[in-house]
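Architecture and fold: a report
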Amino acid sequence: MAEVVLRTEGLTKRFGEKVAVSNVDLSVKAGTCHAVVGPNGAGKSTLFNLICGVVKPTSGRVVVEGKETTGLPPHKLAALGVGRSFQVLSIFANLTVLENVRIAAQSAGGARANLNPFSFAYSNRKLIDVSEEVLGVVGLADKSPLPASILTPSDKRKLDMAIALARKPTILLLDEPTGGVSIEDIPSVIEAVKNVRRKWNPTLLLIEHKMEAIKSLADYVTVMDRGAVIAEGTTNEIEQDEHVQEVYLGRTA
Amino acid sequence: MAGGRAGAALSELARNRWLLVTFVLMSLVPLVYPSLYWLTVICFLFTMGLFALSYDLVLGRTGVLSFGHAAPFGLGAYAVYWVIQGGYPFWLAVIAAMLLGAVTNVAMGTALRRVKGVYFAMFTLAFAEIIYLYLEKQTSLTGGSSGVFSPRPDFLQDPNLVYVFTGILAVAAVCVGCYLLFSSRTKGARVRAVAGIVILACLVGYAVYNLDSSVLSQLQSPITAFTLNAYFLAALLMFASYYLVSRLSRSPLGAIMTAIRENDERMDMVGYDTFRYRLVIMAVAGLFAGLAGAMFASLASFIVTPDVMSSTYTLNVLLYSILGGIGTLVGPVIGAFIVEFLHFNIGNIGSFIGVPSIANWWMLIIGVFYVAVVLLLPYGIVGTAMMKGRRTIDVLRRTLGGGGGHG
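It should be emphasised that the depicted structure is a prediction, and the values quoted were computed from it without experimental measurement. (Residues numbered from 1 in each chain as written. Chains lettered and ligands numbered in written order. Predicted model: local features only at pLDDT ≥ 70, side-chain atom pairs only at ≥ 80, totals over all residues.)

A closer look at the overall build of chain B
Along chain B, the regular secondary structure elements total 17 helices and two strands. At 23 Å, chain B has a C-alpha radius of gyration in line with the 22 Å of a compact globule built from 407 residues. In terms of overall dimensions, chain B has C-alpha extents of about 70 × 65 × 55 Å along its principal axes. Intrachain contacts of chain B at a sequence separation of at least 6 include 79% that bridge at least 24 residues. (Helix = DSSP H or I, 4+ residues; strand = E, 2+ residues; numbered from the N terminus. Rg over C-alpha atoms; globule rule 2.2 N^0.38 Å. Contact = placed C-beta atoms within 7 Å.)

Right under this line is the structure:
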């Protein structure tokens, strides 16, 4: 019954001679958490960039909820319900935590509301309520008046996620949500992602390195190496897969 | 509380109290210190202040580095001349100048789809210089390098208009007075309110006492009437523009501008077509730059040479911004006032300190000044003051809070 909400067909990206993503077919089912793993340089982030329209594919298609989105610019994807957090943190460092989320929520109003010179942005109760709700879910409610730049790395990760959540996306792409977070803070980030799932249950596509996060979050795992998908299955299946262990632990002769 | 609309109007008044107070004080200048020379100079300062303000929308608020901001300004100045030359009324000429400014800036802004940052700056520099060099050769349109004389609008030579402007001023002054009275809830505020009203009353009283010898008594002379009217109109346009721009900063578009400056890639990813919003900002900035150009042509300078479109004016506006504080809105305006004030008075200052030839060294002085500000006040005069002020307030709050203070 679970329908596929995000599909890529033969998605390929070449940078000159180098094939970053090679013929990737990915199907993400509604309401599941799908992790993409693989060693550095496997093409995971490029895959995300292709899905979000930051990078245009050399060939192949991206289909979001039955609609072809190949080559659409990022802001159009956001309007179709695709939210995304970034591997390299992407927040508005000099704005407050609340404003980081509020400005993202504001985009849902469309050009008409956003170009209205007679309305006030910062005192818009509706947008503030939405932002505070999102901040509450990721666990940043008490930090909302602080400037984003002084947050801890784990809180910045949560904020990055909150910005992506502000428009209540149906598909959320998280690029290493635990990246750069100290070991003792990882559980709190994982907890935040779980909270998001409990609250809105968006379809999650996740890039992760940390086994702990993958095991506690992901339902399905796709393993990539050198741009290609080498294994796919439920989290348990992948854990037992010998080929995957080879890629991760080194090729034995 | 007060009803919705009245309450909103009152809080809007409260938010802009300093703007209103400054406007009233600036408008009292012709009454208190009536000197045609100084009124002309300050009228020019208002013009350049508005020019700097329009640039802060682009550079300071949105983080778009344009080196072609002289193009909408200069074309605005020429548009006024062209339209009035064609026999159309002044108001139409001003609207044409604003529209031409906006169109020019939008045309420049289309390059933002391909290039950003320094590359866009280089493109705009080339774009504006091409317009400048092309129009400089079109002697019939622009008068060549010696320029054209833009006539003083007739209606501004009407002495009766002075009374209209004085009326507007009186309304503004009453607003300030009302605000001071009704907003004072604490004792300190009440003391300030009384002090403010006394100062206002003294200034008006002095103006009335001075009436015989003041320019007001020579209103029948067209040049006197014109200077006064031009001064009031320039003040009105600059302060109204400042209000609109600061109002825009608090609108959704203003929030978008700030966020685009902070992180444009993320803005794209959360659903904003950042290119289009940048274009909108370019258009709005072009409107105000065109208006500044119109003021330059018909209120402040009258001699319009193609130089107004050249990089000299862009560099000037950049200097105002850096000096005053990029992104602070009021900073670039203050920067423009300081630089142009010094520029006008460099001769006087020179004779005062016994070195009359100092005027020949203007470019050198301004260069040293520039370097000193960049080194000593990296956020400009207003920017640095605001940061220091905030830090002082923080320290005070911490000290008072830590000292077991309550209430």
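Notes on the sheet that holds strand 7 (residues 171-175) of chain A
Residue and element names in this part refer to chain A. Ordered in space as 6-7-8-3-9-10, the six strands form an open sheet in which the pairing is mixed. Edge positions in the sheet fall to strand 6 (82-84) and strand 10 (228-234), since each of these pairs with one other strand and no more. Ignoring strand direction, the axes of neighbouring strands in this sheet form an average angle of 15°. Sheet topology places strand 6 next to strand 7; three bridges connect them, and they run parallel. By the bridge assignment, Arg84 is partnered in strand 7 with Leu173. Here helix 1 (residues 44-52) sits on the sheet and contacts strand 3 (33-37), strand 6, strand 7, strand 8 (203-207) and strand 9 (220-225); the angle it forms with strand 7, its principal contact strand, is near 150°. (Pairing = 2+ DSSP bridges. Axes fitted to C-alpha atoms, helices over the stretch in contact; angles between N-to-C directions.)

Overview of the environment of Ala162 of chain A
Structurally, Ala162 of chain A can be placed in helix 6 (residues 153-165). Excluding anything up to four places from it in sequence, Ala162 of chain A contacts Val101, Val134, Leu135, Val138 and Leu140 of chain A.

Thoughts on the pairing of strand 7 of chain A
Residue and element names in this part refer to chain A. The buried count for strand 7 comes to five of five residues, which makes it a mostly enclosed element. The pairing of strand 7 with strand 8 spans five bridges and is parallel. Counterpart to Leu174 in the pairing with strand 8 is Leu206. Running through helix 7 (residues 186-200), the crossover from strand 7 to the neighbouring parallel element strand 8 is right-handed. (Buried ≥ 20, exposed ≤ 12 C-beta atoms within 10 Å, placed from the backbone. Right-handed = clockwise from strand over helix to strand, strands pointing away.)

Re the packing of helix 2 (residues 17-32) of chain B against helix 9 (residues 187-209) of chain B
All names here are of chain B. Running from N to C, helix 2 and helix 9 cross one another at 25°; their axes reach a closest spacing of 9 Å. With respect to their mutual orientation, helix 2 and helix 9 come out roughly parallel. As for the relative orientation of helix 2 and helix 9, their crossing is left-handed in sense. Residues Leu28, Leu31 and Val32 of helix 2 lie in contact with helix 9, whose contacting residues are Leu203, Tyr206 and Ala207. (Parallel < 35°, antiparallel > 145°, perpendicular 65-115°, else oblique. Left-handed = near helix turned anticlockwise from the far one by under 90°.)

Looking at the interface of chain B and chain A
The partner chain A presents 27 residues to the 20 residues of chain B that form the contact. Listed by contribution, the elements that provide at least two residues to the side of chain B that touches chain A are helix 11 (252-262) and helix 12 (264-269) of chain B. Tallying contributions element by element places helix 11 of chain B first for the side of chain B that touches chain A, with seven residues. Broken down by class, the residue content of the side of chain B that touches chain A amounts to ten nonpolar, four polar and six charged. (Nonpolar A, V, L, I, M, F, W, Y, C, P; charged D, E, K, R; others polar.)

What to know about the nonpolar core
Counting 181 residues, the largest nonpolar core has Ala162 of chain A together with Val80, Ala234 and Leu291 of chain B as the members making the most contacts within it. Looking at this core element by element, the count peaks at 16 residues for helix 13 (residues 274-300) of chain B. (Core = buried A, V, L, I, M, F, W, Y, C linked by C-beta atoms within 7 Å.)

A word on the sheet that holds strand 2 (residues 18-29) of chain A
Residue and element names in this part refer to chain A. Here four strands make up an open sheet; going across it, the order is 2-1-4-5 and the pairing antiparallel. Lying at the two open borders of the sheet, with one neighbouring strand each, are strand 2 and strand 5 (67-68). This element, helix 1, spans strand 1 (4-15), strand 2 and strand 4 (59-64) of the sheet and lies at about 65° to strand 2.

Brief notes about helix 5 (residues 90-109) of chain B
Residue and element names in this part refer to chain B. When the terminal C-alpha atoms of helix 5 are compared, their 28 Å separation across 20 residues agrees well with the 28 Å that a helix rising 1.5 Å per residue should span. Among the residues of helix 5, Ala93, Val94, Ala96, Ala97, Met98, Leu100, Gly101, Ala102, Thr104, Asn105, Met108 and Gly109 are the ones counted as buried. For helix 5, the elements touching its buried residues are helix 4 (70-85), helix 6 (117-137) and helix 13. (Expected span 1.5 Å × (residues − 1).)

Describing the environment of Lys143 of chain A
Residue and element names in this part refer to chain A. By the secondary structure assignment, Lys143 is in the loop between helix 5 (125-138) and helix 6. Lys143 sits in the partly exposed class, given 19 other C-beta atoms within 10 Å. Residues Lys143 and Asp155, spaced twelve residues apart in sequence, show a C-alpha to C-alpha distance of 9.1 Å. If we ignore the near neighbours within four places in the chain, the residues touching Lys143 are Val97, Leu151 and Asp155.

Geometric descriptors of this kind do not, in isolation, establish any biological role.
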